[in-house]
Amino acid sequence: MAKQIILVPDIGDYSDVPVIEVLIKVGDVIEKEQPLLVLESDKATMEVPADAAGTILSISVKAGDKVGKGSVVAEIEVGAATAPQVTATAAAPAPMPPPVAAPVISAPIAGQYSGKVDHECEVLVLGAGPGGYSAAFRSADLGMSTILIERYSTLGGVCLNVGCIPSKALLHTTAVMDEVKTMSKHGISYGAPKIEIDQLRGYKNSVIAKLTGGLAGMAKARKVTVVRGLGRFLDANHVEVELTQGDGQDLTGQKEVIRFQKAIIAAGSQPVKLPFLPEDSRIVDSTGALLLKSIPKRMLVIGGGIIGLEMATVYSTLGSRIDIAEMMDGLMAGADRDLEKVWEKFNAGRFEKIMLKTRASKAEVKADGIAVSFEGEGAPTEPQTYDLVLVAVGRTPNGKKIDAAAAGVVVDERGFVPVDNQMRTNVNHIFAIGDIVGQPMLAHKAVHEGHVAAEVAAGEKSYFDAKQIPSVAYTDPEVAWAGLTEEQCKAKGIAYEKGLFPWAASGRAIANGRDEGFTKLIFDATSKRIIGGGIVGTHAGDLIGEVCLAIEMGADAVDIGKTIHPHPTLGESVGLAAEAALGHCTDLPPVKKK
Ligand code: FAD
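Residues numbered from 1 in each chain as written. Predicted model: local features only at pLDDT ≥ 70, side-chain atom pairs only at ≥ 80, totals over all residues.

Caption draft 1: Main features of the overall build of the chain. When helices and strands are counted, the chain shows 13 helices and 29 strands. The proportion of buried residues among the 594 residues of the chain is 46%. Within the chain, counting contacts between residues at least 6 apart in sequence, those at least 24 apart form 65% of the total. (Helix = DSSP H or I, 4+ residues; strand = E, 2+ residues; numbered from the N terminus. Buried ≥ 20, exposed ≤ 12 C-beta atoms within 10 Å, placed from the backbone. Contact = placed C-beta atoms within 7 Å.)

Caption draft 2: Inspection of the domain arrangement of the chain at higher detail. Partitioning the chain into domains gives domain 1 (2–78), domain 2 (119–270 + 397–458), domain 3 (283–391) and domain 4 (470–582). For domain 3 and domain 4, the distance between their C-alpha centroids amounts to 30 Å. Counting from both sides, the interface comprises 13 residues of domain 3 and, opposite them, 15 residues of domain 4. Elements represented by at least two residues in the side of domain 3 that touches domain 4 include exactly helix H6 (306–318) and helix H7 (337–346). The dominant element in the side of domain 3 that touches domain 4, judged by the number of residues it contributes, is H7, at 5 residues. Partitioning the side of domain 3 that touches domain 4 into residue classes produces 8 nonpolar, 2 polar and 3 charged. (Domains from an automatic or database assignment. Nonpolar A, V, L, I, M, F, W, Y, C, P; charged D, E, K, R; others polar.)

Caption draft 3: View of the environment of Met144. Structurally, Met144 can be placed in the loop between helix H1 (130–141) and strand S10 (146–150). When the 18 C-beta atoms within 10 Å are taken as the criterion, Met144 is described as partly exposed. When the C-alpha positions of Met144 and Glu122 are compared, they lie 5.9 Å apart, and in sequence the two are 22 residues distant. Every residue in contact with Met144, bar those within four places of it in the chain, is listed here: Glu122, Val123, Ser139, Ala457 and Ala458.

Caption draft 4: Here's a closer look at the sheet that holds strand S25 (residues 471–473). Across the sheet, which stays open at both edges, the 5 strands sit in the order S25-S26-S29-S28-S27 with antiparallel pairing between neighbours. The sheet is open, and its two edges are formed by S25 and strand S27 (496–502), each paired on a single side. The sheet shows a mean angle of 10° between the axes of neighbouring strands, direction not considered. Note: strand S26 (residues 478–483) against strand S29 (residues 530–537), 6 bridges, orientation antiparallel. (Pairing = 2+ DSSP bridges. Axes fitted to C-alpha atoms, helices over the stretch in contact; angles between N-to-C directions.)

Caption draft 5: Fine view of the sheet that holds strand S17 (residues 321–325). Pairing is parallel across the open sheet formed by 5 strands, whose spatial order is S15-S22-S16-S17-S18. Two strands close off the open sheet at either side, each with one partner strand: strand S15 (283–284) and strand S18 (353–355). With 4 bridges joining them, strand S16 (residues 298–302) and strand S22 (residues 388–391) adopt parallel strand pairing. Residue pairing in the sheet places Ile302 in a bridge with Val391 of S22. The strands touched by H6 are S16, S17 and S22; relative to S17, the strand with the most contacts, the crossing angle is about 165°.

Caption draft 6: How the structure looks around helix H4 (residues 197–221). If you check H4, its first and last C-alpha atoms are 36 Å apart, about what 25 residues at 1.5 Å a residue would give, namely 36 Å. Residues of H4 that are buried sit in contact with H1, S10, helix H2 (157–162), helix H3 (164–182) and strand S11 (225–235). (Expected span 1.5 Å × (residues − 1).)

Caption draft 7: Fine view of the site of the ligand. With respect to spatial proximity, 37 residues lie near the ligand, and among them Gly127, Gly129, Gly157, Gly268 and Gly434 are the closest. Only H1, S10, H2, H3, S11 and helix H8 (443–457) provide two or more residues apiece to the shell around the ligand. (Near = placed C-beta within 6 Å.)

Caption draft 8: Fine view of the pairing of strand S8 (residues 72–78). Pairing of strand S1 (residues 2–7) with S8 involves 6 bridges; the strand directions are antiparallel. Note on S8: the bridge partner recorded for Lys3 is Glu77. Note that strand S6 (residues 54–59) and S8 share 4 bridges and pair antiparallel. Note that in S8 the partner of Ile56 across the bridge is Ile76.

Following this line, the structure appears as structure tokens:
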């Protein structure tokens with residue numbers, strides 16, 4: 001028997017990635033390809049698989065450590081008895097056709113149900129978030145009888161009810177509040193704002209109600225049957241639904257069984273909890289923060305990713321003094337640093353403390369607040385007391401909560417459902433989409449996947465082969481990026497050229513009094529086609545759409561630069577950045593001749 005060291009393999013664009021979970025212990029018998037660690041950056045969660053089978057002799061990493069390619073994970077004894085391999089591991093999912101099989105970890109044996117059936121359909125969709133309702137509506141549009149199961153009273157899932165939409169309703173309000181403050185420089189002065197928090201909450205709720213009500217109407221118009229309750233698989237063709245009522249998930253005590261020909265799992269994700277935090281109404285996740293119960297005097301945001309920063313923006317404008325604690329060495333992971341730096345400079349002074357390389361390590365419930373202790377480079381020496389603590393450290397998939405094994409569907413250690421590039425699970429007629437299949441956990445990815453799954457279920461040759469999935473931080477200024485970042489190009493060794501247009505030269509940005517941003521386009525140095533882009537500035541999230549289209553269409557700098565953009569707009573900065581890449585942007589100083 002020989003000893004072997006297991007190293008972190010090439011994990012693409014990432015280095016210094018925090019370990020969030022160690023899945024093995026000394027003495028475990030592991031199989032080749034078995035996940036050993038879970039790493040999580042803001043952009044992606046990835047598992048580090050074993051490159052050999054054997055028995056774990058020692059483990060060199062723990063949760064919280066940072067690793068990169070070549071870091072030692074563990075020492076194993078190879079040749080020792082290995083766990084029985086149930087099924088072979090197929091190729092990993094690829095973004096482009098032809099079809100690629102879902103990685104089969106260890107397929108469970110499906111159950112056999114032969115009891116009563118209350119409903120039958122061609123397509124059953126489990127979960128009515130953006131992925132689920134889009135899949136259900138597309139299925140119905142393609143002529144298939146469709147049932148949509150949702151445990152809550154409204155459709156729309158996290159995004160419409162407790163995510164994208166309510167956060168943007170509040171961000172819009174606070175952005176206007178911030179902008180109004182700057183009007184005194186234009187000679188227009190307003191008094192201090194009076195915040196009616198019940199009314200603000202009511203506005204946010206009305207936005208949600210308008211959208212979720214619209215979805216209910218569209219489901220009806222398409223003859224999609226919505227069954228309200230908690231669904232779980234009984235076998236590969238039956239789901240049992242425990243009917244629910246009220247605003248939450250109160251069970252009625254009744255159950256219904258649905259027989260389906262095909263199913264699309266769209267059960268989404270939930271916020272990650274930090275185990276050391278006590279139960280207290282002053283410690284909340286993003287859903288709790290969006291309830292906007294009150295405006296805390298002092299607030300801690302644990303996690304400097306997009307969700308944490310968006311909520312910190314809202315609460316700081318409403319008047320809270322905010323500290324942010326982030327384990328990594330920068331905020332808004334995934335974005336190029338030059339974009340993030342503009343946000344950081346613009347927001348200097350907005351927050352009390354931004355504590356990088358720092359983690360909250362302990363929390364004590366006290367009458368006057370939550371006393372939080374910190375560890376790391378930016379840690380204050382004394383515990384700090386807060387009126388509200390927001391935990392925004394990521395989201396975890398709901399894969400382990402739907403009895404997928406009864407249908408023979410594989411769910412991995414973390415609760416993700418592996419799929420191929422047609423969104424099929426290891427069971428041919430069962431698909432999975434959205435947050436439950438992996439990163440990035442974003443609504444627009446879920447919707448696109450939902451359409452693919454429905455089309456494949458209808459027999460169409462559809463694939464998830466997107467060249468880019470954009471990310472947006474709807475902060476002030478907004479930060480948006482699509483395709484490859486510069487940091488990813490460098491990590492992958494891709495030769496690139498870039499064109500950058502500073503908004504200090506944009507007539508519209510200057511007229512708006514917001515010229516701190518820039519637009520950057522990244523081109524492949526060989527093909528000259530655009531492969532990425534980033535924008536920081538007001539409305540960057542809306543502007544990035546043109547970059548997304550250009551990447552998907554394989555445009556080059558001439559295509560983009562010679563497209564006539566309307567003047568004066570922020571959007572023309574995309575065309576001007578392309579001209580800058582070509583070296584002849586007449587809105588910028590001349591390029592020095594060599
Ligand atoms: P979900 O939206 O999670 O929906 C899953 C649905 O399944 C839920 O309605 C759930 O109740 C239901 N369900 C689960 N299990 C069962 C069961 N057993 N039986 C019945 N029903 C079940 N993304 C963006 O793209 N842009 C943003 O600006 C953005 N902002 C966000 C802000 C916040 C605060 C948060 C938390 C998230 C944000 N996201 C944003 C992420 C986005 O909300 C998710 O990526 C998206 O909702 C995922 O869609 P989904 O369909 O996969 O799942």
